[in-house]
Amino acid sequence: MACCFSVVSNTGFLSVPNKLEFNGGKSKSLGRYRGFYCSSFGFRSAGFHKFRNFQHGLFWNNELRPLMNGNNGVWLKGLNNCCDSRHGLCCYNKIEPLTNANSANKQIQFGKKGDTKLRSLRRRFSLRLRPRLRWLAMRVKRVTIQSVLNGVRTFLRKNIRRVTVVSLVSVILGLSYLFLKLTALPSPKMVPYSELVTSLRNESVTKVLLEEGSRRIYYNTNSRIDRDTQLSEGELPSVQSENVADKVTSDDGSQSSQALNTNVLRNLSATRASTPDWQYLTRKVDHDEKFLLSLMREKGITYSSAPQSVLMSMRTTLITIISLWIPLMPLMWLLYRQLSAANSPARKQRPDKQLVGFEDVEGVDAAKLELMEIVLCLQGAINYNKLGAKLPRGVLLVGPPGTGKTLLARAVAGEAGVPFFSVSASEFVEMFVGRGAARIRDLFNMARKHSPSIIFIDELDAVGTKRGRSFNDERDQTLNQLLTEMDGFESDSKVIVVAATNRPEVLDSALCRPGRFSRKIVVGEPDEEGRRKILAVHLRGVPLEEDTNLICDLIASLTPGFVGADLANIINEAALLAARRGGETVAREDVMEAIERAKFGINDKQLRPSTISKELGKMFPWMPSLMGKNTRQDGVQGPLGYQTLS
Ligand SMILES: Nc1ncnc2c1ncn2[C@@H]1O[C@H](COP(=O)(O)OP(=O)(O)OP(=O)(O)O)[C@@H](O)[C@H]1O
């Protein structure tokens, strides 16, 4: 029987003793179990059962419990869990602690104590590293050239614009660097102006150049002539001469004299190339030109003036551009993001691919009918032109939050099979004056380009409130632009603007006049039948313990005043509760609890319905249903006599 025990430190290591005494005093070497590693990190509270999956299992001793104090209680709990380890076997021998178990952060060791610090460190390191390396090797093995190429191709396809811009910038920077490197010349020594004057007085200056358009003065002195003469006569600088001499002496005659000459010439030209044309550079002092010129004339020094060479002026320009633009780049990028059309909602919202149909929207039949007609007009199924009618330009969906206005608009797009540009009106509210209007323009231009199409503006009240009420000129400008764009539709452009709002009363009257949002559709709270239908939509993919219709009826009867979003939330909550208790299907209890949560929030206290009614009645005395006088529209008494406030 193989048997050992293990203790886990908070680092996730197992410390396994070399030898153990168990069941009647037999011992067994456990060397091969040593350094057993738990792959999961942070398994303090719940992880020990993971050991069951390890080939060699876990070995423990219930007697460990009294050996450790409270700090290690968590581990002991875990250890006990290992009792049903698949491969592990129990050992009931008493184990003496070898180290103080007080410290939870310390690895507790049993068995041999002779391990040196270094060895244990090395073991720790290798144990940590080994699984990672194995994992890395596995991943590397899975990587093929084909998969890498596919990855690169997909990345390029997705980020073609960014890749182009980045490569272009890199190429430009690279070329600039190359240009600067190639045109770099050895620069003359910078000296003060007084030194030039002194040299002129000493008559040591041989040649002066005054650069046109700048204050630079270049000049050479006698020392330069001496050096040039030396070089032209073949006299090498001392170091080079020594090198050549060495070469000649060390050479065993295999190197020909011709090769030697070539080498010498190359050295010579290199020396010349690294010598600047001008030895010294200084800056002119203002209003001192007359004195300088007279001094040079007096001393008979050759002087001239010349413009900066093209190459040098190019260099200067490039350096200026780079040194100016690189710090300004982040600012420019921010401005570009703010001002460019690239950030406009029209660009962001591509034609929606997510298909929602009218069968996904229930409980708002009247609104659905109205919108269906528009879809038929867009598809050309209804010939409205024949009777001289015009397609409505705007449809305004009005209703409380969560009743399905956005969903309806998406269903219109899905059914009509046309591009759908969805924006939230708050996206038009901009920091810069005129940007909101520009965005509206972009959006409508885009929609016209993809005609027939639908523009959906959610929360229209964010830009559509009455003008002149505030000093926010930007908002008024945006609204004006929206009004203009909606006027500017040609009758055959087939662009329909659907907008939604919860506050129709605050909208500017110009927006709601016929010819703009001429059709107003109220999307109200669903009645019981509507709720049942909505629930059926949301229960489509949910496995239920009972019949779907039964659950739909139950929820619908318990949720008067609930809107589509509330009902969708109840179904989701019920599914989450079922998952939490580990169930395979959603049971009635889950649904009931979800309803309770939706109505009263999450509370630990178990409140009786009567208490809840009383408490709510105190808070909202104007609601008769809370006081036990239910006057619900659909005539069904709620179980708790409760109505939502929505
Ligand atoms: N009539 C409905 N039928 C089916 N599901 C609905 C219905 N109404 C709402 N829902 C659900 O509620 C979610 C939210 O609805 P939606 O965003 O359309 O509400 P809204 O009226 O636009 O709200 P708001 O005015 O706050 O923007 C939907 O994604 C959907 O899951």
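If you're wondering where the values come from, they're calculated on a predicted model, not measured in any experiment.

Focus: the overall build of the protein
Item 1. Across its full length, the protein carries 23 helices and 14 strands.
Item 2. The contacts of the protein with a sequence gap of at least 6 include a subset with a gap of at least 24, amounting to 74%.

Topic: the sheet that holds strand S10 (residues 394–398)
Item 1. Pairing in this open sheet of 5 strands is parallel, and the strands run S11-S12-S13-S10-S14 from one edge to the other. What marks the edges here is a single partner per strand, and that holds for strand S11 (420–424) and strand S14 (519–522). The average undirected angle you get between the axes of adjacent strands in this sheet is 20 degrees.
Item 2. Both S11 and strand S12 (residues 453–458) contribute to a ladder of 5 bridges, which runs parallel. What sits directly across from Val423, in S12, is Ile457.
Item 3. Sheet strands in contact with helix H13 (residues 365–379) are S10, strand S13 (495–501) and S14, and its direction is about 140 degrees off that of S14.

Focus on the nonpolar core
Item 1. Of all hydrophobic cores here, the largest spans 51 residues; its most connected members are Leu397, Leu408, Val412, Ile454, Ile455, Val498 and Ala499.
Item 2. Listing elements by their share of this core, those giving two or more residues are H13, S10, helix H14 (405–416), S11, helix H15 (435–449), S12, helix H17 (473–487) and S13.
Item 3. With 7 residues, the top contributor of residues to this core is H14.
Item 4. Sequence-distant contacts of Ala499, defined by excluding residues within four places in its chain, comprise Gly394, Leu396, Leu397, Ile457, Leu460 and Phe517.

Examining the confidence of the model for the protein
Item 1. Confidence in the prediction for the protein averages 70 pLDDT; 63% of positions are at 70 or higher.
Item 2. The low-confidence segment residues 1–112 (pLDDT under 50) makes 153 contacts with residues lying over four places distant or belonging to another chain.
Item 3. Contacts of residues 233–257 to residues separated by more than four positions or lying in other chains number 10 contacts, the stretch itself having pLDDT below 50.
Item 4. ipTM for the predicted complex: 0.97, alongside a pTM of 0.49.

Digging into unusual backbone geometry
Item 1. With a phi angle near 65 degrees, Glu203 is a residue other than glycine that sits in the positive phi range.
Item 2. Inspection of the secondary structure puts Glu203 in the loop between helix H6 (193–202) and strand S6 (205–211).
Item 3. Its identity is not glycine, yet Glu459 carries a phi of approximately 50 degrees, on the positive side.
Item 4. In this structure, Glu459 sits in the loop between S12 and helix H16 (461–464).

Looking at the site of the ligand
Item 1. Near the ligand, the surroundings consist of 19 residues, among which Pro401, Gly404, Thr406, Gly564 and Ala565 are the closest.
Item 2. Listed by contribution, the elements that provide at least two residues to the shell around the ligand are H14, helix H19 (528–538) and helix H21 (564–580).
Item 3. Among the residues making up the shell around the ligand, the classes are represented as 9 nonpolar, 7 polar and 3 charged.
Item 4. Split by domain, the residues of the shell around the ligand number at least three in each of domain 4 (348–522) and domain 5 (528–599).

A closer look at helix H20 (residues 548–558)
Item 1. Of the residues making up H20, those classed as buried are Ile551, Cys552, Ile555, Ala556 and Leu558. Summarising the axial view, the buried residues of H20 lie within an arc of 165 degrees, below the 170-degree limit, and thus occupy one face. Those residues of H20 that are exposed and aimed more than 90 degrees away from the buried face are Asn549 and Leu550.
Item 2. Buried-residue contacts for H20 involve H19, H21 and helix H22 (588–600).

Examining the packing of H19 against H21
Item 1. At their nearest, the axes of H19 and H21 sit 9 Å apart, and the two run at 45 degrees to each other. With respect to H21, the axis of H19 lies oblique. Here H19 and H21 pass one another in a crossing that is right-handed. Contact residues: Arg531, Ile534, Leu535 and His538 in H19; Gly564, Leu567, Ala568 and Ile571 in H21.
Item 2. Per-class residue counts for the contact of H19 with H21 are 5 nonpolar, 2 polar and 1 charged.

Structural notes on the packing of H13 against H14
Item 1. Following both chains from N to C, one finds H13 and H14 inclined at 30 degrees, their axes separated by 9 Å at the closest point. In terms of their interaxial angle, H13 and H14 are classed as roughly parallel. For the pair H13 and H14, the sense of crossing is right-handed. Note on element contacts: H14 touches H13 through Leu408, Val412, Glu415 and Ala416, opposite Ala367, Lys368, Leu371, Ile374, Val375, Leu378 and Gln379.

Here's the deal with the sheet that holds S6
Item 1. Across the sheet, which stays open at both edges, the 5 strands sit in the order S5-S8-S7-S6-S9 with mixed pairing between neighbours. Edge positions in the sheet fall to strand S5 (189–190) and strand S9 (302–306), since each of these pairs with one other strand and no more.
Item 2. By the bridge criterion, 5 bridges tie S6 to strand S7 (residues 216–221) in an arrangement that is antiparallel. Across the sheet, the residue bridging to Lys207 is Asn220, located in S7.

Conventions used here
Residue positions are given per chain, counting from 1 as you read along its sequence in written order. Given that this is a predicted model, residues contribute local features only at a pLDDT of at least 70 and side-chain atom pairs are listed and counted only at 80 or more, while totals for whole chains, interfaces and linings are drawn from all residues. Secondary structure elements follow DSSP: runs of H or I no shorter than four residues count as helices, runs of E no shorter than two count as strands, and numbering proceeds from the N terminus. For every residue pair, C-beta atoms are placed from the backbone, and the pair is scored as a contact if these atoms sit within 7 Å. We call two strands paired when DSSP finds no fewer than two bridges between them. Structural elements are reduced to axes, namely lines fitted to C-alpha atoms, with helices fitted over the stretch in contact, and the angle between N-to-C directions of any two is expressed from 0 to 180 degrees. Only buried residues count toward a nonpolar core: Ala, Val, Leu, Ile, Met, Phe, Trp, Tyr and Cys, linked into one set through C-beta atoms within 7 Å. Residues with at least 20 other C-beta atoms within 10 Å of their own are called buried, those with 12 or fewer are called exposed, and the rest are partly exposed. The C-beta atoms themselves are positioned from the backbone. Scored from 0 to 100, pLDDT records how confident the predictor is in each individual residue. Each residue receives a C-beta atom built from its backbone; the residue is near a molecule or strand if that atom lies within 6 Å of it. As a working rule, the residues Ala, Val, Leu, Ile, Met, Phe, Trp, Tyr, Cys and Pro are called nonpolar, Asp, Glu, Lys and Arg charged, and the rest polar, with Gly in that last group. Segmentation into domains, and thus their bounds, comes from an automatic or database assignment. The directions from the helix axis to the C-beta atoms form the arc being described. Here is the rule for angles: anything less than 35 degrees is roughly parallel, anything more than 145 is roughly antiparallel, 65 through 115 is roughly perpendicular, and the remaining ranges are oblique. Handedness of a crossing is defined here by the sense of rotation of the near helix relative to the far one, left-handed for an anticlockwise turn of less than a right angle and right-handed for a clockwise turn.

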